[in-house]
Amino acid sequence: RKFVYDFSEGNKDLKDLLGGKGANLAEMTNLGLPVPPGFTITTEACKAYLDSGEAPAALRDQVSEHLAGLENRMGKKLGQADDPLLVSVRSGAKFSMPGMMDTVLNIGLSDESVQGLAAQSGDERFAWDSYRRLIQMFGDTVLGIDGERFAETLDETKSARGATTDVELTADDLKELVGKFKAIVSEETGRDFPQDPREQMDLAVRAVFDSWNGSRARLYRRQERIPHDLGTAVNICSMVFGNLGPDSGTGVAFTRDPASGQQGVYGDYLQNAQGEDVVAGIRNTVPLADLEQLDKASYDQLMQIMETLENHYRDLCDIEFTIERGKLWMLQTRVGKRTAAAAFRIATQLVDQGLIDEAEALQRVNGTQLAQLMFPRFDSNGGVKDAEQIGWGIAASPGAAVGKAVFDSYTAIKWSRSGEKVILIRRETNPDDLDGMLAAEGILTSRGGKTSHAAVVARGMGKTCVCGAEELEVDTKRRCLKTPGGKVVEEGDVVSIDGSTGKVYAGEVPVVPSPVVEYFEGRMHAGADDADELVKAVHRIMAYADRVRRLRVRANADNAEDAARARRFGAQGIGLCRTEHMFLGERRELVERLILADTEDERERALGALLPLQQGDFIELFESMDGLPVTVRLLDPPLHEFLPDITELSVRVALAESRKDANENDLRLLQAVHRLHEQNPMLGLRGVRLGLVIPGLFTMQIRAIAEAAAARKAGGGDPRAEIMIPLVGTVQELELVREEAEQVIAEVEREHNVELGLTLGTMIELPRAALTAGQIAECADFFSFGTNDLTQTVWAFSRDDVEASFFTAYLEKGIFGVSPFETIDKDGVGSLVRSAAEAGRATRPDLKLGVCGEHGGDPESVHFFHEVGLDYVSCSPFRIPVARLEAGRAAA
Ligand code: ADP
Ligand code: MG
Ligand code: MG
């Protein structure tokens, strides 16, 4: 098998095999861009190594062959004493995992070849600087030595020389430092720093393979839902040097602003530095635009390359480059991460530029991003004006975050677990801060640009982030933040950060709804001249989605107010109206009377009192959804939910008895509570079982629906009610309810002399129902998959219990990538949905199919429901735009 590809042999579509970095290095090479030559070891080699603990036998020879080719081309050998070829060994998985895996630069330097490099470059300082970097990086990532040991030694040398930055150290200082670094290696590993260049390279390759399973990488993958079995590729790339003096340097760039989508020159540049320095925030970078002054030729070339890349990838690209003595080299590119707002704006900009079509634009955004845009933000007119601004940094990841200041990840996690909202404040973040960043509402750093670790990771997480707020002094030891004006924010003080403007405020700033929500609510119009650019973009993308989608989108709504909002958000009906809330509050007493009724007469009276109340609710609901279907689910929860708490009632009755004034009603109530008490109410007397056991209950509800529909018709309305029976396990249950229902409906129709067109269907939420869907369909006009209960019953999970108890452990162990309550478990629950849909349609081709669990608003699940051929999804009103968009994306 071929385990090694020269950069010229790959292309951008080989990400599975070559990783994103390798595939794009190959693509750039083939575009004729200046990429230092090199080759890529495939992810398959990595997978083979991780499976067996041994690199595949063929790998070594193939690497030797490609290395020899590279050496020929460069006219020097790896680590050659008088003129060494140096290489970087770089990780690169299919999906970008910034900073999660290892890269080692300057491989090939040794005590001998460092002299050769000095002689060839004519720069002794540069050679020793490169060597110390190699030992430092190799020691840390390959040999597993605590990086702090090197960092401290470097700091000691700097302060001994009175130097504030590493560039001030001389060749002799660096030579001395190399001696110290080598001593650290010997001390920590019991062996000398390896002098054989090939051994260095092989060890580094192995370390990159191993870094795939590092704890940081695993956590990141779980968070980002990246599969654990992809493995990483390894890129061996000949070195170019940004640390060869002031006419050299290294930088990062975006072809457009990843925060707003605006076109322009965005990036950071650092003179006389090697790659990692830019993102590590060791020295302060300059804006990319300043490169024009520093090195016009390279700047112009870079701008041209950026345009080439945008047109080629037809998308925003991010770029890593290095300038070696005035010569520009491209070290990496990829389609860049961006904020949610930028994603929408860029997609429509690219359509306008003619680079992509509408279907493609839909693939450039997603529902998760849309959901992010619906978060509230700071009130730019009211609260923000009065708020005390204490700093200003780079708007790295949008949103409005308010919380208590914490200065380390541990505290962030601890406080957030106890329910506090926190803002994590660091000088800069590193991969060890990942858990703390996850726990925080937002992240604030004083160092680093838009491409710093904090910025990149926060954008990926959808967390608000302000970075590089340089005038703020972060004192992690004393746990406080100092402003130039002398104000001090202590741990626990509330701060507010605005990831859209970069502003930092002391205290709590009030938040307002997002313009995107204002737009969906109809309070802001995309057509207006001064309309927000983002709103215009969202409006266009939603129009594309609505045009192509096949799935209809309905709302889960129980009252007229929610129904009206759902309609504004684009709902095409109600997929689930729960009736249980209609029995609570003041009406609870009526339910109690129903349960306690001993005689037919008592029961009739209780039902008679409930009927008009129910009917009133339905009239309102049908009115707000006039002309659109409304699925009403008959009473589902177990009856004890409507009765007093068993312990409280027992105590009350016992006390009363001891006073000899026990009241008759309480005694009967207590008996009923005992009678209805269940060990497992979720699996007990509820849903259709209740309807069949309590005479008249479902009849009353059905009558209320029919009467409400008749009243709407009489008033000129267009009610489209659908009656849904919950928790059906067998067709016999449904037959009984249907018989009863048909009688009642016929009665109401006769009384009012109308045709109501009511349909009757069932939820499919028990495995037995799914397994016998073919039979059930004989008696149902529609199925609505109740995927919440179906997930509970298929897995035998009680959602309320398991999410809090063992789900985190399961997620950590990778048993789930994501909770099956959040995204449909395709293989298990999903396969039941698929087969039940097929069986149902086989019986009754016109069977209407929908889903009304929370999965109806989950992006990945929506795609699944589209694929299995459902007619609609139903979700909470706020998720409707997300479901519309994802339904469009699924169909485009
Ligand atoms: P990451 O995946 O963390 O971005 P990279 O493999 O891109 O890691 O390496 C980090 C940085 O190291 C790059 O941005 C680049 O600046 C520098 N680098 C990597 N390879 C080379 C090389 N061959 N020559 C010069 N610099 C390099
Ligand atoms: Mg990189
Ligand atoms: Mg249910």
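In the nomenclature of an unreviewed UniProt entry, the chain corresponds to Pyruvate, phosphate dikinase from the organism Streptomyces smyrnaeus. Here is the UniProt Catalytic activity (unreviewed entry) comment for the chain, exactly as written: "pyruvate + phosphate + ATP = phosphoenolpyruvate + AMP + diphosphate + H(+)". If you open the UniProt record of the chain and go to Cofactor (unreviewed entry), you find "Mg(2+)".

### Quick word on the overall build of the chain
When you go through the chain residue by residue, the secondary structure sums to 37 helices and 31 strands. Viewed in the frame of its principal axes, the chain has a C-alpha envelope of about 105 × 60 × 60 Å. Scored against the burial criterion, the 892 residues of the chain give a buried share of 51%.

### Considering the environment of Lys-813
Tracing the backbone through its elements, the reader meets Lys-813 in the loop between α34 (807-812) and α35 (826-843). Linking Lys-813 and Arg-222, residues 591 residues apart in sequence, is a C-alpha distance of 9.7 Å.

### Things to note about the sheet that holds strand β18 (residues 473-475)
Read across the open sheet, the three strands follow the order β18-β19-β20; overall the sheet is antiparallel. Strands with a single pairing partner mark the edges of an open sheet, and in this sheet they are β18 and β20 (488-490). When the angles between neighbouring strand axes are averaged without regard to direction, this sheet yields 20°. Note that strand β19 (residues 480-482) and β20 share three bridges and pair antiparallel. Residue pairing in the sheet places Cys-480 in a bridge with Glu-490 of β20.

### Digging into the site of ligand 1
If you check the shell around ligand 1, you find 17 residues, and the closest are Ser-88, Arg-90, Thr-103, Gly-275 and Glu-320. Elements supplying a minimum of two residues to the shell around ligand 1: β3 (87-93), β4 (103-107), β5 (232-238), β9 (317-324) and β10 (327-335). Of the residues belonging to the shell around ligand 1, the class tally is six nonpolar, eight polar and three charged. Residue assignment places the shell around ligand 1 across two domains, with domain 1 (4-238) and domain 2 (249-335) each supplying three or more.

### Quick word on helix α12 (residues 296-313)
The terminal C-alpha atoms of α12 lie 26 Å apart, and with 18 residues this matches the ideal 26 Å at 1.5 Å per residue to within 8%. Buried within α12 we find Ser-298, Tyr-299, Leu-302, Ile-305, Met-306 and Leu-309. Taken around the axis of α12, the buried residues stretch over an arc of 125°, which confines them to a single face. Seen from the open side of α12, the exposed residues pointing more than 90 degrees away from its buried face are Lys-296, Ala-297, Gln-304, Glu-307 and Asn-311. The secondary structure elements touched by the buried residues of α12 are β6 (249-256), α11 (291-294), β9 and β10.

### Looking at the packing of helix α28 (residues 697-714) against helix α29 (residues 731-752)
Interaxial distance between α28 and α29 falls to 9 Å at its minimum, and their mutual angle equals 30°. The handedness of the crossing between α28 and α29 comes out as right-handed. Packed against α28, whose contacting residues are Phe-698, Thr-699, Ile-702, Arg-703, Ala-706, Glu-707, Ala-710 and Ala-714, the element α29 presents Val-737, Glu-740, Ala-741, Val-744, Ile-745, Val-748 and His-752 at the interface. Taken together, the residues of the contact of α28 with α29 sort by class into 10 nonpolar, two polar and three charged.

### Re the environment of Tyr-299
Along the polypeptide, Tyr-299 turns up in helix α12. In this structure Tyr-299 comes out as buried when scored by C-beta crowding, with 20 C-beta atoms within 10 Å. Linking Tyr-299 and Ala-289, residues 10 residues apart in sequence, is a C-alpha distance of 8.4 Å. Beyond its immediate chain neighbours, meaning those up to four positions away, Tyr-299 contacts Leu-291 and Glu-292.

### Some details on the domain arrangement of the chain
Each domain of the chain was delimited in the assignment, giving domain 1 (4-238), domain 2 (249-335), domain 3 (340-372 + 515-538), domain 4 (375-512) and domain 5 (549-638 + 678-891). Distance between the C-alpha centres of domain 2 and domain 3: 27 Å. Contact with domain 2, which involves eight residues of that partner, is made by eight residues of domain 3. In terms of residue class, the side of domain 2 that touches domain 3 is made up of three nonpolar, two polar and three charged.

### Side note on the sheet that holds strand β12 (residues 388-392)
Read from one edge of the open sheet, eight strands run β12-β22-β21-β14-β15-β16-β17-β13, paired in mixed fashion. Both outer strands of the open sheet, β12 and β13 (394-397), are each paired with one neighbouring strand and no more. Neighbour to neighbour, the strand axes of the sheet diverge by 30° on average, direction disregarded. Across three bridges, strand β16 (residues 442-445) lies against strand β17 (residues 464-467) in parallel orientation. Looking across to β17, one finds that Ile-443 is bridged to Cys-465.

### Some remarks on unusual backbone geometry
Phi at Arg-479 takes a positive value of approximately 55°, unusual for a residue other than glycine. Among the structural elements, Arg-479 can be located in the loop between β18 and β19.

### Comments concerning the pairing of strand β15 (residues 422-426)
Taken residue by residue, a regular strand's side chains alternate between the two faces of the sheet. In terms of burial, β15 is largely enclosed, as five of its five residues are buried. The sheet contact formed by strand β14 (residues 400-406) and β15 spans three bridges and is parallel. If you follow Val-406 over to β15, its bridge partner there is Leu-424. Taking the sense of rotation as the criterion, the β-α-β connection linking β14, helix α17 (residues 409-417) and β15 turns out right-handed. Sheet topology places β15 next to β16; four bridges connect them, and they run parallel. Looking across to β16, one finds that Leu-424 is bridged to Ile-443.

### Description of the environment of Gly-403
Secondary-structure assignment places Gly-403 in strand β14. Taking C-alpha positions, Gly-403 is 11 Å from Gly-419, a pair spaced 16 residues apart along the chain. If sequence neighbours within four positions are ignored, Gly-403 has contacts with Lys-421, Val-422, Ile-423, Ala-440, Glu-441, Gly-442 and Val-494.

### Observations concerning the packing of helix α25 (residues 646-658) against helix α26 (residues 664-676)
Interaxial distance between α25 and α26 falls to 10 Å at its minimum, and their mutual angle equals 145°. Here α25 runs over α26; the crossing is left-handed. Counting all contacts with α25, which are made through Ile-646, Leu-649, Ser-650, Arg-652, Val-653 and Ala-656, the residues of α26 involved are Asp-666, Leu-667, Leu-669, Leu-670 and Val-673. Across the contact of α25 with α26, the residue classes break down as eight nonpolar, one polar and two charged.

### Points about helix α22 (residues 560-568)
For α22, the full list of buried residues reads Asp-562, Ala-563, Ala-566 and Arg-567. Buried positions in α22, seen along its axis, are confined to an arc of 140° and lie on one side of it. In the stretch just after α22, Gly-570 is the one whose phi turns positive, near 105°.

### Topic: the confidence of the model for the chain
When pLDDT is averaged along the chain, the result is 92, and 98% of the positions lie at 70 or above. Both confidence scores are given for the complex: pTM 0.80, ipTM 0.95.

Parameters at a glance
Residues numbered from 1 in each chain as written. Chains lettered and ligands numbered in written order. Predicted model: local features only at pLDDT ≥ 70, side-chain atom pairs only at ≥ 80, totals over all residues. UniProt positions renumbered as here; feature names shortened; annotations may be inferred. Helix = DSSP H or I, 4+ residues; strand = E, 2+ residues; numbered from the N terminus. Buried ≥ 20, exposed ≤ 12 C-beta atoms within 10 Å, placed from the backbone. Pairing = 2+ DSSP bridges. Axes fitted to C-alpha atoms, helices over the stretch in contact; angles between N-to-C directions. Near = placed C-beta within 6 Å. Nonpolar A, V, L, I, M, F, W, Y, C, P; charged D, E, K, R; others polar. Domains from an automatic or database assignment. Expected span 1.5 Å × (residues − 1). Arc of directions from axis to C-beta. Contact = placed C-beta atoms within 7 Å. Left-handed = near helix turned anticlockwise from the far one by under 90°. Right-handed = clockwise from strand over helix to strand, strands pointing away. pLDDT = per-residue confidence, 0-100.

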